[in-house]
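Inside the fold
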Amino acid sequence: MRLTPKSATLIVLALLVAITPFFFPSGYYYRVGALLFVNGIAVTGIVILTGYAGQISLGHAGFAGIGAYACALAPVHWGLHPALAAVLGAAISAVLAYLVGRPILRLKGYYLGVATLGFGILVSMVLNNERQLTHGPDGIEVADLGLREVLKGWGLNLSNGEFWYFFCGLCLIIGAWLALNLHNSPSGRALRALHGSEVAARTVGVDVARYKLQAFVISAIYASAAGSLLALQNKFITPDVAGFMHSVEMVTMAVLGGVGSVLGAIFGAGILTLLPQVLTVFAEYEQMVLGLVMLLVMIFLREGLLPSILKKFWGKDE
């Protein structure tokens, strides 16, 4: 039986989550794996916005910051469970994306990039300067999710690293499944049509403004979910989560692996998450080597690492 790209992607991700721990030399790698999965969730949202709809955002870390700080502040000030706080953060991000996206998505090219960058900078400034609420650059503690204790009561005793590894892995699989379903839906086809040509898409009846806004809102929810997971597993968060460099990292991960492919973007997230761990042996040359790798990929593998590799060896995309 021939697997569809959607089934193949989900099977690969499930096997990655299930089998990789057998090769971990220490518990530290559960932490690295969980971070990889969180980054994978964030870049899956970038795939929907950039890979499907052809729009660029340089301020998506702002939505990650909203999700993270919702988990920190809502339990303290409103008594919400951290899981409900994460849902609240996603809802706030969706509303803000809708309100911000309506005017700025009329822009194109680098104008759109600069406008989204301004949003991200604004969120970062608020988180840094509202010290009474967010504790400013010092950061703030985040309440425990409590799910590990529930699982322990059911007889499943996982360490903190193991729990967050498998929980974030499950969230990544769900996020990838939703994104792949969107890709094959009428809405996904409309998004890909306007990516190819907004004028051509409009002539065949695609509501360009509506679908661009839809992609922006969905990708903001992904970024918020990633920020919430990062805050909950670390139990501490700083405004760096909403910083400009975090936005650049998201876009770079997606483009490096292949922004038109869910599995490719997650592969890119894995490369940029794991490479700094490997390059620690180079000490002060780490950033230079990382930059060189990215430069070579952009020059010789323009579709991204994974799609280019698949085309070379199998003659097809993901």
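Conventions adopted
- Residues numbered from 1 in each chain as written.
- Predicted model: local features only at pLDDT ≥ 70, side-chain atom pairs only at ≥ 80, totals over all residues.
- Heavy atoms only, no water.
- Helix = DSSP H or I, 4+ residues; strand = E, 2+ residues; numbered from the N terminus.
- Rg over C-alpha atoms; globule rule 2.2 N^0.38 Å.
- Buried < 20%, exposed > 50% of the residue type's maximum accessible area, 1.4 Å probe, protein only.
- Contact = heavy atoms within 4.5 Å.
- Areas by Shrake-Rupley, 256 points an atom, 1.4 Å probe, with all protein chains shown as cover.
- Lys, Arg positive; Asp, Glu negative; His and termini not counted.
- Charge placed at Lys NZ, Arg CZ, Asp CG, Glu CD.
- Axes fitted to C-alpha atoms, helices over the stretch in contact; angles between N-to-C directions.
- Parallel < 35°, antiparallel > 145°, perpendicular 65-115°, else oblique.
- Nonpolar A, V, L, I, M, F, W, Y, C, P; charged D, E, K, R; others polar.
- Phe/Tyr/Trp six-rings, centres within 6.5 Å; stacked < 30°, edge-to-face > 60°.
- Lys NZ or Arg CZ within 6 Å of the ring centre and 35° of its normal.
- 1 Å grid on protein atoms, 1.4 Å probe; cavity = no way out; pocket = protein on both sides within 12 Å on 5 of 7 lines; lining within 4 Å.
- Points joined across faces, edges and corners; volume = space filled by probe spheres on them.
- Core = buried A, V, L, I, M, F, W, Y, C linked by side-chain atoms within 4.5 Å.
- Disulfide = S-S within 2.5 Å.

**Looking at the overall build of the protein**
Across its full length, the protein holds 15 helices and two strands. Whereas a compact globule of 318 residues would reach a radius of gyration of roughly 20 Å, the protein reaches 19 Å, a difference of no more than 12%. Taking the principal axes of the C-alpha coordinates as reference, the protein spans close to 55 × 45 × 45 Å. Buried positions account for 48% of the 318 residues belonging to the protein. For the protein, long-range pairs separated by at least 24 residues make up 76% of all intrachain contacts whose partners lie at least 6 apart in sequence. For the protein, the exposed area adds up to about 15800 Å²; of that, 68% sits on carbon and sulfur atoms. A gap of 14 Å separates the mean positions of the 19 positive and 15 negative side-chain charges of the protein.

**Here's the deal with the environment of Phe-216**
The residue Phe-216 is located in helix H11 (residues 208-234) in this model. Using a relative accessible area of 2% as the deciding quantity, one classes Phe-216 as buried. Along the backbone, Phe-216 and Gly-101 are 115 residues apart, and their C-alpha atoms lie at a distance of 6.9 Å. In contact with Phe-216, not counting residues within four places along its chain, are Leu-49, Ser-57, His-60, Phe-63, Ala-97, Gly-101, Ile-104, Leu-105 and Thr-116.

**Digging into the packing of helix H9 (residues 186-196) against H11**
For the pair H9 and H11, interaxial distance at closest approach is 10 Å and the crossing angle is 105 degrees. Relative to H11, the element H9 is oriented roughly perpendicular. Of H11, the residues touching H9 (which contributes Ser-187, Ala-190, Leu-191 and Leu-194) are Val-208, Tyr-211, Lys-212, Gln-214 and Ala-215. Considering only residue class, the contact of H9 with H11 consists of six nonpolar, two polar and one charged.

**A few points about the side chain of Ser-228**
Along the chain, Ser-228 falls in helix H11. For Ser-228, a relative accessible area of 2% translates into the label buried. Aside from chain neighbours lying at most four places away, what touches Ser-228 is Gly-67, Ala-68, Cys-71 and Ala-86.

**Things to note about the packing of aromatic side chains**
Under the defined criterion, the tally for this structure stands at 12 aromatic pairs. A centroid spacing of 5.1 Å and a plane angle of 55 degrees characterise the contact between Phe-37 and Tyr-165, whose relative ring orientation is tilted. Of the two residues, Phe-37 is situated in helix H2 (residues 28-52) and Tyr-165 in helix H8 (residues 160-183); the sequence distance between them amounts to 128 residues. As far as burial versus exposure is concerned, Phe-37 and Tyr-165 are alike and both buried. Relative to Trp-164, the ring of Phe-163 has its centre 5.0 Å away and its plane inclined at 75 degrees; by these criteria the two rings are edge-to-face. There is no split in this pair, since Phe-163 and Trp-164 are both buried. Between the NZ or CZ atom of Arg-210 and the centre of the ring of Tyr-211, over which it lies, the distance is 4.8 Å.

**Structural notes on empty space enclosed by the protein**
The final tally for this structure, using the stated rule, is one cavity of 30 Å³ or more. Looking at the largest cavity, its volume works out to about 30 Å³. As for the largest cavity, its lining consists of Ile-46, Leu-49, Thr-50, Ile-56, Ser-57, Val-251, Val-255 and Val-259. For the lining of the largest cavity, the elements supplying multiple residues, two or more each, are H2 and helix H12 (244-257). For the lining of the largest cavity, the residue count by class is six nonpolar, two polar and no charged.

**Here we look at the nonpolar core**
Counting 87 residues, the largest nonpolar core has Tyr-52, Phe-63, Trp-164, Leu-191, Ile-237, Val-241 and Val-262 as the members making the most contacts within it. Setting aside its immediate chain neighbours within four residues, Ile-237 contacts Ala-68, Tyr-69, Ala-72, Gly-139, Ile-140, Val-142, Leu-230 and Ala-231.

**As for the state of the cysteines**
Going through the model one piece at a time under the given rule, you end up with zero disulfides. For the unlinked cysteine Cys-168, the closest cysteine sulfur is that of Cys-171, found at 6.1 Å.

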